[in-house]
Amino acid sequence: MSPLSTVPIPGTRDFFPEEMSVRQQVFERLYRVVESFGYLRYDAPMVEPFELYAAKSGSDLVNQQVYRFTDRGERDLAIRPEMTPSVARMIAARAGQLVLPARWYSHPNLWRYERKQRGRYREHWQVNVDLFGTESWEAEAEILEILAEMMFAVGAKTSDFLLRVSDRQLVVNVLQQQVGLDPQQVAGAFGVLDAIEKVGPEETAAHLAKLGLSQAQADRTIQLLTHGEQFLEQAAPESLQQSNVARALSKLVTSQPVNVKFDPLIIRGFEYYTSSVFEVFDTNPENPRSIAGGGRYDNLVALFGKPRIPGIGFGMGDVTLIDFLQTHKIAPAPQIAPEVQVMTPDESLRQRVKEIAASLRQEGLRVVTPLDSRKLGKLLERAAKEGVRCVVIAGGDELARGAVKLRDLGRSEEREIALTALPVVIRETLATPTQEKP
RNA sequence: GUGAGUGUAGCUCAGCUGGUAGAGCACCGGCCUGUGGAGCCGGUCGUCGCGGGUUCGAACCCCGUCACUCACCCCA
């Protein structure tokens, strides 16, 4: 029999401690931002009825990419490919009891059956932030503000990212009323224009002609959709008045300036988005995938037979976010070393070592002790390699005086410290910058 | 689903038109029985992804296969 594989199944990742540490630090910053806006965390099952997604998630392609199986009770189930249907279900379940607006967030792992490539895995973790119960443009503003603050919280600068926003309804209105397209042509135009950045304007014009657009209509459509700012200028005032995104755009209150751009080419795949849609992009072309995206879905909760509760929200995924941080060299350093190691040169003092370690743990420090006997030099070498900052050396002479040696591996300094003062001195040491030996 | 690239030690890789498998790092030990990172010495480590073929002889050439990576399709 061949040995078991150590490789995770395709498209999934193991998170070794140093990777987990980075992920954890990044996401804890995001949690803090979201919670600072008063959002409450929830969770839901990783497996849902398949029909939850079949109903409204959108294209038949989504269905092809869902992990789907039949359980022993003959239920048709799916591993969640996204969180929004689940949260809509939960909101619907409490529809009569909730104080609205409801501000909720979660951090689920999501699955999609697709081939792995840069920025895309079959399993990824996504922070979802959703706001339910208002159609006000201020909901758009708040959601976009949170999104921007999340980017700032992980160390992004204003110039590092671009927030592209659009409004499906507004774009549809303009194309119908000002270019004279019928609804079918509008739908077709969206599909074709999605690819305009790849195939170029000539081919796009040809596709539009097939949909029955005149030359003038095609030119006008392309011109409008590829010049986002002008799009707003050219939209009828009553259309703009109805567009939450258009109204929110200039009124965002954020701790740093944000690059926001209206861009009608932001479509997004989910069919349930009713008007506002938006995505965050890295301004560095090395990392072309969107870091976060979302939109308004005013009809989703009503699918559960409950009163219509409008919603708006977005997801920010771990894969593209951490790619972004690494591209800009602002990912946090892994923190995997214990703060303190306690050791002794005298085998007979092992028990005292454990007692000292226990008392330091009571002080909230992360403390390890050697589990086997080795020479002090080897123990120090290993501690240094692990990145341990403080080493407590409990020798008989010092202990007789009620003291130990405290060695700061970060600065190669050693002092004798009274046991009673040890926690305080260790904390001071940990707060001091290290000084690398040349 | 389509296309391309890569598979050699735990890791990063070298290995000439085919001639018995290598380096650096890492790991373990010694020099150093109460003090780390350097240095020196020594040690452990491989079905050369797998299967078949050609050959006196294959890590190398040929065929197949699998895995991984990147891109396309599409999308969080």
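For the structure, see preceding data.
The following paragraphs examine the structure supplied in this document. No experiment lies behind these values; they were computed from the predicted model shown. Each chain has its residues counted from 1, running along the sequence as written. Both sets of labels track the order of writing: A upward for chains, 1 upward for ligands. Whole-chain, interface and lining totals are the exception, using all residues; otherwise, since this is a predicted model, local features are given only for residues with pLDDT of at least 70 and side-chain atom pairs are given and counted only at 80 or more. With hydrogens and water stripped out, all remaining heavy atoms of the structure feed into the side-chain values.

Describing the sheet that holds strand E13 (residues 340-343)
Now for step 1: One open sheet accounts for five strands, arranged E14-E13-E15-E16-E17; its pairing is mixed. Sheet topology places strand E14 (367-368) and strand E17 (413-418) at the edges, where each strand pairs with a single neighbour.
Now for step 2: The pairing criterion for strands is at least two bridges between them, as found by DSSP. The secondary structure listing takes helices from DSSP runs of H or I that are at least 4 residues long and strands from runs of E that are at least 2 residues long, numbered from the N terminus. As paired strands, E13 and E14 are joined by two bridges and run parallel to one another. Opposite glutamine 341, over in E14, you have valine 368 as the bridge partner.
Now for step 3: Only heavy atoms enter the contact rule, under which two residues are in contact if any of them lie within 4.5 Å. Here an axis means a line fitted to C-alpha atoms, over the contact stretch when the element is a helix, while the angle between two N-to-C directions is reported on a 0 to 180 degree scale. In this fold helix H15 (residues 350-362) packs onto E13, E14, strand E15 (390-393) and strand E16 (403-408), with an angle of close to 160 degrees to the strand it touches most, E13.
Now for step 4: Those strands touched by helix H16 (residues 376-386) are E13, E15 and E16, and its axis lies near 175 degrees from that of E13.

A look at the environment of leucine 300
Now for step 1: Position of leucine 300 among the secondary structure elements: in the loop between strand E11 (290-296) and strand E12 (311-317).
Now for step 2: The exposure class of leucine 300 is buried, given its relative accessible area of 4%.
Now for step 3: Sequence separation between leucine 300 and glutamate 142 is 158 residues; the distance between their C-alpha atoms is 20 Å. Here's how the labels work: a residue is buried when its accessible area is under 20% of the maximum for its type, exposed when over 50%, partly exposed in between, all with a 1.4 Å probe on protein chains only.

Description of the packing of helix H1 (residues 17-36) against helix H5 (residues 137-153)
Geometrically, a packed helix pair is captured by the angle between its two axes and the distance between the axes.
Now for step 1: Interhelical geometry of H1 versus H5 gives an angle of 145 degrees and a closest axis separation of 9 Å. Once H1 is placed against H5, the crossing between them reads as right-handed. Along its contact with H1, which presents Arg29, Leu30, Val33 and Val34, the element H5 presents Ile146, Glu149, Met150 and Ala153.
Now for step 2: Classifying every residue of the contact of H1 with H5 by side-chain character gives six nonpolar, no polar and two charged. By convention the crossing between two helices is left-handed if the near helix lies anticlockwise of the far one by an angle smaller than a right angle, and right-handed if it lies clockwise. Three classes are used: nonpolar for Ala, Val, Leu, Ile, Met, Phe, Trp, Tyr, Cys and Pro, charged for Asp, Glu, Lys and Arg, and polar for all others, with Gly counted as polar.

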